[in-house]
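# Structural features, examined
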Amino acid sequence: MANGLSAEVAVARLALHLQPGVKPAELADIALGMRSHAPRRRGWLDEVAMLLSRKEISFDDLRTTAASVRHDRLGGETHEMIVSRLASSFDQAAAISPAASVQLSSLGNEEKLSAATAEIASWLEQQGFLGRDKTILDIGCGIGRFESALRQRVKRIVGIDISSGMLDIARQRCAGLGNVEFRQTSGLDLGEFVAGGFDGVLAVDCFPYLVLAGVADRHFSEIARLLRPGGLAAILNYSYRMSPAVDSFDVRHLAHACAMDVVVDGELPFRRWDGTAFLVRRSGGT
(Lines give C-alpha, C1' and ligand atoms only; values in the text may rest on other atoms or scores of the structure.)
Protein backbone atom coordinates (compact mmCIF):
# COMPACT_ATOMS: atom_id res chain seq x y z
CA MET A 1 0.00 0.00 0.00
CA ALA A 2 1.03 3.63 -0.52
CA ASN A 3 0.21 5.91 2.38
CA GLY A 4 -2.14 3.19 3.66
CA LEU A 5 -4.16 3.13 0.43
CA SER A 6 -4.68 -0.34 -1.02
CA ALA A 7 -4.19 -0.91 -4.73
CA GLU A 8 -7.88 -1.85 -5.06
CA VAL A 9 -8.97 1.44 -3.47
CA ALA A 10 -6.61 3.34 -5.76
CA VAL A 11 -8.10 1.69 -8.86
CA ALA A 12 -11.63 2.38 -7.61
CA ARG A 13 -10.80 6.05 -7.13
CA LEU A 14 -9.37 6.22 -10.63
CA ALA A 15 -12.61 4.78 -11.98
CA LEU A 16 -14.60 7.28 -9.93
CA HIS A 17 -12.72 10.44 -10.83
CA LEU A 18 -11.01 10.07 -14.23
CA GLN A 19 -12.61 11.03 -17.52
CA PRO A 20 -14.13 8.17 -19.57
CA GLY A 21 -11.65 8.66 -22.41
CA VAL A 22 -8.70 7.44 -20.31
CA LYS A 23 -7.97 3.75 -20.92
CA PRO A 24 -6.94 1.37 -18.11
CA ALA A 25 -3.97 0.16 -20.18
CA GLU A 26 -2.71 3.76 -20.33
CA LEU A 27 -3.05 4.05 -16.56
CA ALA A 28 -1.19 0.77 -16.10
CA ASP A 29 1.70 2.08 -18.23
CA ILE A 30 1.77 5.30 -16.18
CA ALA A 31 1.91 3.29 -12.93
CA LEU A 32 4.78 1.16 -14.26
CA GLY A 33 6.61 4.27 -15.48
CA MET A 34 6.44 5.82 -12.01
CA ARG A 35 8.37 2.98 -10.38
CA SER A 36 11.82 4.44 -11.05
CA HIS A 37 10.77 7.71 -9.37
CA ALA A 38 9.20 6.03 -6.35
CA PRO A 39 11.28 2.92 -5.53
CA ARG A 40 9.67 2.49 -2.11
CA ARG A 41 6.28 2.16 -3.79
CA ARG A 42 7.46 -0.16 -6.54
CA GLY A 43 5.50 -3.17 -5.31
CA TRP A 44 2.35 -1.11 -4.81
CA LEU A 45 2.62 0.41 -8.29
CA ASP A 46 3.13 -3.07 -9.76
CA GLU A 47 -0.08 -4.20 -8.04
CA VAL A 48 -2.02 -1.19 -9.34
CA ALA A 49 -0.75 -1.86 -12.87
CA MET A 50 -1.65 -5.55 -12.58
CA LEU A 51 -5.23 -4.76 -11.47
CA LEU A 52 -5.65 -2.28 -14.32
CA SER A 53 -4.42 -4.89 -16.80
CA ARG A 54 -6.59 -7.81 -15.64
CA LYS A 55 -9.26 -8.64 -18.20
CA GLU A 56 -11.70 -10.00 -15.61
CA ILE A 57 -11.99 -6.52 -14.08
CA SER A 58 -14.08 -4.25 -16.29
CA PHE A 59 -12.91 -0.68 -15.76
CA ASP A 60 -15.84 0.55 -17.84
CA ASP A 61 -18.28 -1.30 -15.59
CA LEU A 62 -16.66 0.30 -12.55
CA ARG A 63 -17.04 3.72 -14.12
CA THR A 64 -20.65 3.10 -15.08
CA THR A 65 -21.50 1.69 -11.64
CA ALA A 66 -19.91 4.69 -9.93
CA ALA A 67 -21.64 7.13 -12.27
CA SER A 68 -25.04 5.58 -11.54
CA VAL A 69 -25.19 7.26 -8.13
CA ARG A 70 -24.87 11.04 -7.84
CA HIS A 71 -23.38 12.22 -4.57
CA ASP A 72 -24.58 15.80 -4.76
CA ARG A 73 -27.90 17.43 -3.99
CA LEU A 74 -29.89 18.89 -6.88
CA GLY A 75 -31.62 22.22 -6.50
CA GLY A 76 -35.12 22.06 -5.07
CA GLU A 77 -34.97 18.38 -4.07
CA THR A 78 -36.91 17.36 -0.97
CA HIS A 79 -35.81 14.54 1.35
CA GLU A 80 -38.32 12.25 -0.34
CA MET A 81 -37.12 13.15 -3.82
CA ILE A 82 -33.48 12.44 -2.96
CA VAL A 83 -34.31 9.07 -1.43
CA SER A 84 -36.40 8.12 -4.47
CA ARG A 85 -33.59 9.14 -6.82
CA LEU A 86 -31.05 7.17 -4.80
CA ALA A 87 -33.26 4.06 -4.79
CA SER A 88 -33.42 4.11 -8.59
CA SER A 89 -29.68 4.76 -8.78
CA PHE A 90 -28.85 1.79 -6.56
CA ASP A 91 -31.12 -0.39 -8.69
CA GLN A 92 -29.11 0.64 -11.77
CA ALA A 93 -25.75 0.13 -10.06
CA ALA A 94 -26.67 -3.35 -8.80
CA ALA A 95 -27.81 -4.36 -12.28
CA ILE A 96 -24.38 -3.47 -13.67
CA SER A 97 -22.23 -5.01 -10.93
CA PRO A 98 -23.69 -6.27 -7.63
CA ALA A 99 -20.28 -6.41 -5.95
CA ALA A 100 -19.12 -2.97 -7.10
CA SER A 101 -22.50 -1.42 -6.26
CA VAL A 102 -21.92 -1.97 -2.54
CA GLN A 103 -18.13 -1.52 -2.51
CA LEU A 104 -16.44 -0.02 -5.54
CA SER A 105 -13.00 -1.15 -4.34
CA SER A 106 -14.13 -4.77 -4.77
CA LEU A 107 -13.62 -3.95 -8.47
CA GLY A 108 -16.71 -6.01 -9.20
CA ASN A 109 -14.99 -9.17 -7.96
CA GLU A 110 -16.99 -11.34 -5.55
CA GLU A 111 -13.88 -12.83 -3.95
CA LYS A 112 -12.48 -9.38 -3.18
CA LEU A 113 -15.85 -8.30 -1.80
CA SER A 114 -16.01 -11.39 0.41
CA ALA A 115 -12.50 -10.73 1.74
CA ALA A 116 -13.35 -7.11 2.57
CA THR A 117 -16.62 -8.19 4.19
CA ALA A 118 -14.79 -10.77 6.29
CA GLU A 119 -12.31 -8.12 7.44
CA ILE A 120 -15.16 -5.86 8.59
CA ALA A 121 -16.91 -8.80 10.27
CA SER A 122 -13.72 -9.63 12.16
CA TRP A 123 -13.45 -6.03 13.36
CA LEU A 124 -17.08 -6.09 14.53
CA GLU A 125 -16.39 -9.25 16.49
CA GLN A 126 -13.34 -7.69 18.13
CA GLN A 127 -15.50 -4.76 19.24
CA GLY A 128 -18.02 -7.06 20.95
CA PHE A 129 -20.68 -6.15 18.39
CA LEU A 130 -21.57 -9.75 17.51
CA GLY A 131 -22.90 -12.61 19.59
CA ARG A 132 -25.12 -15.68 19.23
CA ASP A 133 -27.70 -14.04 21.51
CA LYS A 134 -27.85 -10.72 19.62
CA THR A 135 -30.35 -9.29 17.18
CA ILE A 136 -28.85 -6.92 14.60
CA LEU A 137 -30.38 -4.32 12.28
CA ASP A 138 -28.39 -3.70 9.09
CA ILE A 139 -29.30 -0.32 7.57
CA GLY A 140 -28.57 -0.13 3.84
CA CYS A 141 -27.98 -3.87 3.59
CA GLY A 142 -27.56 -3.75 -0.20
CA ILE A 143 -27.08 -7.20 -1.70
CA GLY A 144 -27.05 -8.96 1.69
CA ARG A 145 -23.34 -9.53 2.04
CA PHE A 146 -23.32 -8.97 5.82
CA GLU A 147 -26.42 -11.07 6.36
CA SER A 148 -24.62 -13.95 4.68
CA ALA A 149 -21.36 -13.30 6.54
CA LEU A 150 -22.78 -12.71 10.02
CA ARG A 151 -25.77 -15.03 10.22
CA GLN A 152 -23.84 -17.76 12.11
CA ARG A 153 -22.51 -15.23 14.64
CA VAL A 154 -25.81 -13.64 15.66
CA LYS A 155 -29.27 -14.75 16.77
CA ARG A 156 -31.09 -12.75 14.07
CA ILE A 157 -30.23 -10.09 11.52
CA VAL A 158 -32.68 -7.81 9.72
CA GLY A 159 -31.44 -6.11 6.56
CA ILE A 160 -33.23 -3.02 5.25
CA ASP A 161 -32.73 -1.04 2.06
CA ILE A 162 -34.50 1.39 -0.26
CA SER A 163 -33.42 -0.46 -3.42
CA SER A 164 -35.75 -3.22 -4.59
CA GLY A 165 -33.10 -4.40 -7.05
CA MET A 166 -30.50 -4.85 -4.34
CA LEU A 167 -33.00 -6.58 -2.07
CA ASP A 168 -33.87 -9.06 -4.84
CA ILE A 169 -30.19 -10.01 -5.03
CA ALA A 170 -29.95 -10.16 -1.23
CA ARG A 171 -32.91 -12.52 -0.95
CA GLN A 172 -31.39 -14.82 -3.57
CA ARG A 173 -28.01 -14.73 -1.84
CA CYS A 174 -29.51 -15.60 1.55
CA ALA A 175 -32.31 -17.93 0.44
CA GLY A 176 -33.05 -20.53 3.09
CA LEU A 177 -31.30 -18.75 5.98
CA GLY A 178 -33.83 -18.89 8.81
CA ASN A 179 -32.43 -16.10 10.98
CA VAL A 180 -32.17 -13.55 8.16
CA GLU A 181 -34.93 -11.13 7.17
CA PHE A 182 -35.05 -8.39 4.53
CA ARG A 183 -37.40 -5.42 4.30
CA GLN A 184 -37.72 -2.55 1.88
CA THR A 185 -38.11 0.69 3.83
CA SER A 186 -38.78 4.34 3.04
CA GLY A 187 -35.24 5.50 3.83
CA LEU A 188 -36.72 8.47 5.69
CA ASP A 189 -36.88 6.97 9.20
CA LEU A 190 -36.97 3.72 11.19
CA GLY A 191 -40.44 4.19 12.60
CA GLU A 192 -41.64 0.69 11.74
CA PHE A 193 -39.34 -0.88 14.37
CA VAL A 194 -40.15 -1.07 18.08
CA ALA A 195 -38.04 0.63 20.73
CA GLY A 196 -35.32 -1.50 22.28
CA GLY A 197 -35.66 -4.21 19.66
CA PHE A 198 -31.99 -4.55 18.70
CA ASP A 199 -28.66 -5.25 20.37
CA GLY A 200 -26.73 -3.72 17.49
CA VAL A 201 -27.27 -1.49 14.47
CA LEU A 202 -24.90 -1.79 11.52
CA ALA A 203 -24.60 0.99 8.94
CA VAL A 204 -21.88 0.29 6.37
CA ASP A 205 -21.44 3.10 3.85
CA CYS A 206 -25.09 4.17 4.06
CA PHE A 207 -24.86 7.23 6.32
CA PRO A 208 -23.26 9.33 3.54
CA TYR A 209 -26.55 9.00 1.66
CA LEU A 210 -28.57 9.78 4.77
CA VAL A 211 -26.44 12.92 5.17
CA LEU A 212 -27.04 13.75 1.50
CA ALA A 213 -30.80 13.30 1.91
CA GLY A 214 -30.87 15.36 5.10
CA VAL A 215 -32.18 12.55 7.30
CA ALA A 216 -29.00 11.50 9.14
CA ASP A 217 -29.94 13.24 12.41
CA ARG A 218 -33.35 11.54 12.40
CA HIS A 219 -31.77 8.14 11.82
CA PHE A 220 -29.23 8.69 14.58
CA SER A 221 -31.96 9.43 17.13
CA GLU A 222 -33.97 6.48 15.84
CA ILE A 223 -30.97 4.20 16.28
CA ALA A 224 -30.72 5.31 19.91
CA ARG A 225 -34.42 4.47 20.35
CA LEU A 226 -34.06 1.02 18.78
CA LEU A 227 -31.00 -0.06 20.76
CA ARG A 228 -31.30 -1.85 24.05
CA PRO A 229 -29.25 -0.36 26.94
CA GLY A 230 -25.61 -1.04 26.22
CA GLY A 231 -26.33 -1.74 22.55
CA LEU A 232 -23.82 -0.70 19.89
CA ALA A 233 -24.15 1.12 16.59
CA ALA A 234 -21.35 0.65 14.05
CA ILE A 235 -21.32 3.51 11.55
CA LEU A 236 -18.71 2.80 8.90
CA ASN A 237 -18.37 6.01 6.88
CA TYR A 238 -20.48 8.91 8.11
CA SER A 239 -20.21 11.13 5.04
CA TYR A 240 -18.30 11.75 1.81
CA ARG A 241 -17.39 15.32 2.77
CA MET A 242 -13.68 14.40 2.94
CA SER A 243 -13.37 16.03 6.36
CA PRO A 244 -12.68 13.54 9.17
CA ALA A 245 -12.78 16.34 11.75
CA VAL A 246 -16.26 17.46 10.67
CA ASP A 247 -17.56 13.88 10.64
CA SER A 248 -16.11 13.25 14.10
CA PHE A 249 -17.67 16.47 15.43
CA ASP A 250 -21.09 15.55 14.01
CA VAL A 251 -21.02 12.00 15.38
CA ARG A 252 -19.93 13.19 18.83
CA HIS A 253 -22.60 15.90 18.83
CA LEU A 254 -25.36 13.49 17.79
CA ALA A 255 -24.21 10.85 20.25
CA HIS A 256 -24.29 13.36 23.12
CA ALA A 257 -27.77 14.55 22.10
CA CYS A 258 -29.00 10.93 22.07
CA ALA A 259 -27.40 9.92 25.38
CA MET A 260 -24.87 7.70 23.64
CA ASP A 261 -21.14 7.26 24.16
CA VAL A 262 -18.57 7.29 21.35
CA VAL A 263 -16.39 4.20 21.68
CA VAL A 264 -14.48 4.40 18.38
CA ASP A 265 -14.04 7.89 16.92
CA GLY A 266 -13.15 8.01 13.23
CA GLU A 267 -10.53 5.27 13.01
CA LEU A 268 -9.29 3.66 9.79
CA PRO A 269 -9.00 0.00 10.83
CA PHE A 270 -9.41 -1.73 7.47
CA ARG A 271 -6.80 -2.78 4.94
CA ARG A 272 -9.10 -3.74 2.05
CA TRP A 273 -11.44 -0.75 2.28
CA ASP A 274 -10.91 2.92 3.16
CA GLY A 275 -14.01 3.29 5.33
CA THR A 276 -13.86 5.38 8.51
CA ALA A 277 -15.17 3.62 11.61
CA PHE A 278 -17.36 5.04 14.34
CA LEU A 279 -18.77 2.93 17.16
CA VAL A 280 -21.30 4.37 19.60
CA ARG A 281 -22.99 2.77 22.58
CA ARG A 282 -26.37 3.49 24.08
CA SER A 283 -25.97 4.42 27.74
CA GLY A 284 -27.31 2.16 30.45
CA GLY A 285 -25.30 -1.02 29.80
CA THR A 286 -21.80 -2.33 30.23
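Quick notes on the rules
- Residues numbered from 1 in each chain as written.
- Predicted model: local features only at pLDDT ≥ 70, side-chain atom pairs only at ≥ 80, totals over all residues.
- Heavy atoms only, no water.
- Helix = DSSP H or I, 4+ residues; strand = E, 2+ residues; numbered from the N terminus.
- Rg over C-alpha atoms; globule rule 2.2 N^0.38 Å.
- Buried < 20%, exposed > 50% of the residue type's maximum accessible area, 1.4 Å probe, protein only.
- Contact = heavy atoms within 4.5 Å.
- Core = buried A, V, L, I, M, F, W, Y, C linked by side-chain atoms within 4.5 Å.
- Axes fitted to C-alpha atoms, helices over the stretch in contact; angles between N-to-C directions.
- Parallel < 35°, antiparallel > 145°, perpendicular 65-115°, else oblique.
- Left-handed = near helix turned anticlockwise from the far one by under 90°.
- Nonpolar A, V, L, I, M, F, W, Y, C, P; charged D, E, K, R; others polar.
- Expected span 1.5 Å × (residues − 1).
- Phe/Tyr/Trp six-rings, centres within 6.5 Å; stacked < 30°, edge-to-face > 60°.

## Points about the overall build of the protein
- Of the regular secondary structure elements, the protein holds twelve helices and seven strands.
- In summary, the protein has a C-alpha radius of gyration of 19 Å against a globular reference of 19 Å for 286 residues, a match within 12%.
- In terms of overall dimensions, the protein has a C-alpha envelope of 55 × 40 × 35 Å along the principal axes.
- Buried residues in the protein amount to 50% of all 286 residues.
- Within the protein, contacts between residues at least 6 apart in sequence are counted, and of these 67% link residues at least 24 apart.

## Things to note about the nonpolar core
- Counting residues in each nonpolar core, the largest one holds 47 residues, and the members touching the most others are Leu-137, Phe-207 and Phe-220.
- Top element by residues in this core is helix H5 (residues 79-96). It accounts for seven residues.
- With residues up to four places along the chain from it excluded, the contact list for Leu-137 reads Val-158, Ile-160, Phe-193, Phe-198, Gly-200, Val-201, Leu-202 and Leu-226.
- One finds Phe-146, Val-154, Leu-167 and Val-204 within the second-largest nonpolar core, a separate group that totals 28 residues.

## Examining the packing of helix H1 (residues 7-17) against helix H3 (residues 42-53)
- One can describe the packing of H1 onto H3 by two numbers: an axis separation of 9 Å at closest approach and a directional angle of 55 degrees. As far as their axial angle goes, H3 and H1 are oblique. Relative to H3, H1 is oriented so that their crossing is right-handed. When H1 is examined against H3, the residues Ala-7, Glu-8, Ala-10, Val-11 and Leu-14 are found in contact with a partner set consisting of Trp-44, Glu-47, Val-48, Leu-51 and Leu-52.
- Residues that form the contact of H1 with H3 fall into these classes: eight nonpolar, no polar and two charged.

## Some remarks on H5
- The terminal C-alpha atoms of H5, which comprises 18 residues, lie 26 Å apart, in line with the 26 Å expected from a rise of 1.5 Å per residue.
- Taken together, the buried positions of H5 are occupied by Ile-82, Val-83, Arg-85, Leu-86, Ala-87, Ser-89, Phe-90, Ala-93 and Ala-94.
- Next to the buried residues of H5 lie helix H4 (59-67), helix H6 (98-102), helix H9 (164-173) and helix H10 (207-213).

## Brief notes about the packing of aromatic side chains
- What the rule picks out here adds up to seven aromatic pairs.
- Seen from their ring centres, Phe-207 and Tyr-238 are 5.6 Å apart, and the 25 degrees between their planes marks the pair as stacked. Pair noted here: Phe-207 is in helix H10 and Tyr-238 is in the loop between strand S5 (227-236) and helix H12 (244-257), with a separation of 31 residues, a long-range link. The burial state of Phe-207 is the same as that of Tyr-238; both residues are buried.
- Through a chain of ring-to-ring contacts, the aromatic side chains of Phe-90, Tyr-209 and Tyr-240 assemble into a single cluster.

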